[in-house]
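If you want the building blocks of each chain, they are given just below.
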Amino acid sequence: LRLMAAPDLGPLHFDVAYEQALELVSDTGLLLGGLALGASASSINWLPLEWTIHDWDHGSWRQRFDRLLVTAPLGRSAAVTVGRQTISWATSLIFTPADPFVPFDPSDPFREYRAGVDAVRIQGFSGPFTELEFVFRPSDTRDGTTLTALARITTASGPWQVSSWAGVLHDAGAASVGATLTAAGAAFRGEAQVRWPEEVVRFSIGADRSFPLAGRDLYVILEYQRDGFGATDPDDYLAVLLSDPYSRGELQVIGRNEAAFQASWQITPLATADLLTTWNMNDGSFLVTPAASYSLSNEAYIRGGFFFGIGAGTRQIALPTFSSGPLDSGEQSVPGSEYGIVPTSLYVSLSAFF
């Protein structure tokens, strides 16, 4: 359950989003942690705006404020926003390796709302097509408090829109560039991020375009990502899942090379069908996500779909044998592929605006 409001009080603008999530499962291994429903959870936020109502063996009931912010003007062409807010610096549409703020998880069925982050954000406009941004964000990571301080510029000219940001990301150096070219009826997008001292490069390229099909619009997206933080072999997946970038919510996928295809077709003026497929090019696994939505009225719509993974499931690896000490030899369950371990799931959501 998500309730949202955006009131104004004089020159001040407020934005509030409150969520409750109730999960009931028969298999305790499938518990998502309550707040993974409704939006991809950010576990490193600074403000204490999440609470557990009740936990039990086969369920979880939690609540949180996903947005709680106030925006104040700074003159005629600038504004400052303080609090839990949504920030997106993505250029690509599915894989967004250059977006430093809580990217969407492809295996999360509820991707309608980007999760909020606790930050101070200043936005200024030097012209009708140029924007400057500064973001300061403390994060409560497993290794302690980290600081993010980034500056970004984005501008548009003719068929091009370009952007770049640089600064400190979780106490380390980072810089990025992104560009979109509109040509031949399509949009060609790309973005890249460089991190140091890790000396890691992350980038994605893609294109999207609308086509006529049976008198209706068919919208298609195709993207490829290479992520230096990802793994090229299933033997390395456990190390990626235990890594600092993954624990901070920076990774959408855990494979080094990934491709995605999405198609959306307007069946009728009220009904739309979607298909999203993500392919791990290193282990050969797929995540297939068909979905459909229907407009019930001008103020409400219903959406449903399901997820299923294709690929190798979990596998057992032998632990080392110790001649002495408290640890014994045995086996450990590890992923055999990225998407083969994703449980098949069905979801239905109803959205109403009033």
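Rules and cut-offs
- Residues numbered from 1 in each chain as written.
- Predicted model: local features only at pLDDT ≥ 70, side-chain atom pairs only at ≥ 80, totals over all residues.
- Heavy atoms only, no water.
- Helix = DSSP H or I, 4+ residues; strand = E, 2+ residues; numbered from the N terminus.
- Rg over C-alpha atoms; globule rule 2.2 N^0.38 Å.
- Buried < 20%, exposed > 50% of the residue type's maximum accessible area, 1.4 Å probe, protein only.
- Contact = heavy atoms within 4.5 Å.
- Areas by Shrake-Rupley, 256 points an atom, 1.4 Å probe, with all protein chains shown as cover.
- Lys, Arg positive; Asp, Glu negative; His and termini not counted.
- Charge placed at Lys NZ, Arg CZ, Asp CG, Glu CD.
- Pairing = 2+ DSSP bridges.
- Salt bridge = Lys/Arg side-chain N within 4 Å of Asp/Glu carboxyl O.
- Phe/Tyr/Trp six-rings, centres within 6.5 Å; stacked < 30°, edge-to-face > 60°.
- Lys NZ or Arg CZ within 6 Å of the ring centre and 35° of its normal.
- Polar contact = N/O pair within 3.5 Å; in protein donor to acceptor, adjacent residues only side chain to side chain.
- pLDDT = per-residue confidence, 0-100.

Caption draft 1: Inspection of the overall build of the chain at higher detail. In terms of helices and strands, the chain carries 2 helices and 21 strands. Relative to its length of 354 residues, the chain is compact, with a C-alpha radius of gyration of 22 Å against a globular reference of 20 Å. If one aligns the C-alpha atoms of the chain with their principal axes, the spans along those axes are about 70 × 50 × 45 Å. Evaluated residue by residue, the chain yields a buried proportion of 40% over its 354 residues. Considering only contacts within the chain whose residues lie at least 6 apart along the sequence, 51% involve residues at least 24 apart. Summed over all atoms, the accessible surface of the chain reaches about 18,100 Å², with 62% contributed by carbon and sulfur. Here the chain holds 22 positive side-chain charges and 38 negative ones, and the gap between their average locations is 7 Å.

Caption draft 2: Region of interest: unusual backbone geometry. Following Trp 196, the chain continues into Pro 197 via a peptide bond in cis, with omega recorded as 15 degrees. A positive phi angle, close to 45 degrees, is found at Val 102, a residue other than glycine. Turning to its location among the elements, Val 102 is positioned in the loop between β6 (78-85) and β7 (117-127). In this model, Ala 184 sits at a positive phi of 55 degrees, which is unusual for a non-glycine residue. Position of Ala 184 among the secondary structure elements: in the loop between β11 (172-183) and β12 (186-196). Residue Ala 184 is classed as exposed on the basis of its relative accessible area of 65%.

Caption draft 3: Structural detail: the pairing of strand β14 (residues 216-227). Pairing geometry for strand β13 (residues 200-213) and β14, over 12 bridges, is antiparallel. Paired with Ile 205 across the two strands is Tyr 224, which belongs to β14. Count of turn residues in the β13/β14 antiparallel hairpin: 2 residues, of which Ala 214 carries a positive phi of about 55 degrees. Pairing of β14 with strand β15 (residues 257-266) involves 9 bridges; the strand directions are antiparallel. Residue pairing in the sheet places Leu 218 in a bridge with Trp 265 of β15.

Caption draft 4: Representation of the pattern of salt bridges within the structure. Per the counting criterion, the structure on display carries 18 salt bridges. A salt bridge links Arg 64 to Asp 66, with the shortest nitrogen-to-oxygen separation between them at 3.7 Å. Note on Arg 64: relative accessible area 3%, which makes it buried. Look at Asp 66 and you get buried, because its relative accessible area is 2%. Taking the shortest distance from any N to any O, the salt bridge between Arg 121 and Glu 133 comes out at 2.6 Å. Note that Arg 121 is positioned in strand β7 and Glu 133 in strand β8 (residues 130-141), a separation of 12 residues in sequence. By relative accessible area, which is 12% here, Arg 121 ends up buried. Bridged by salt links that share partners, the residues Arg 2, Glu 19, Arg 64 and Asp 66 form one connected network.

Caption draft 5: Focus on the packing of aromatic side chains. In this structure the tally under the stated criterion is 8 aromatic pairs. Taken together, a centroid distance of 5.1 Å and an interplanar angle of 85 degrees make the contact between Trp 89 and Phe 101 edge-to-face. With Trp 89 in the loop between β6 and β7 and Phe 101 in the loop between β6 and β7, the pair connects residues that are 12 residues apart, well separated along the chain. Ring pairing ties together the aromatic residues Tyr 18, Trp 51 and Phe 65, which thus form one cluster. A cation sits over an aromatic face here: Arg 2 above Tyr 113, 4.2 Å from the ring centre. One residue, Arg 114, lies across the ring of Phe 104, its end atom 4.9 Å from the ring centre.

Caption draft 6: Examining the environment of Gln 123 more closely. If you trace the backbone, Gln 123 turns up in strand β7. On the basis of relative accessibility, which here comes to 19%, the residue Gln 123 falls in the buried class. Linking Gln 123 and Glu 133, residues 10 residues apart in sequence, is a C-alpha distance of 4.6 Å. Once residues lying within four places of it in the same chain are set aside, the contact partners of Gln 123 are Ser 77, Ala 78, Ala 79, Glu 131, Leu 132 and Glu 133. Of note is the side chain of Gln 123, whose polar atom sits 2.9 Å from the side chain of Glu 131.

Caption draft 7: Summary view of the confidence of the model for the chain. Of all residues in the chain, 92% attain a pLDDT of 70 or more, and the chain-wide mean is 90. In this model, residues 33-41 is a region of pLDDT below 50 whose contacts with residues beyond four sequence positions or in other chains number 38 contacts.

Caption draft 8: Representation of the pairing of strand β5 (residues 59-73) within the structure. Here 12 bridges tie strand β3 (residues 12-24) to β5, and the two strands are oriented antiparallel to one another. From the neighbouring strand, Ala 17 faces β5, where its bridge partner is Arg 67. The sheet contact formed by strand β4 (residues 50-56) and β5 spans 6 bridges and is antiparallel. For Thr 52, the partnering residue across the bridge sits in β5 and is Arg 62. With antiparallel pairing between neighbouring strands as the criterion, β4 and β5 make up a hairpin whose turn holds 2 residues. Taken together, β5 and the strand that follows it, β6, pair antiparallel across an intervening segment of 4 residues, in which Gly 75 is found at a positive phi of about 80 degrees.

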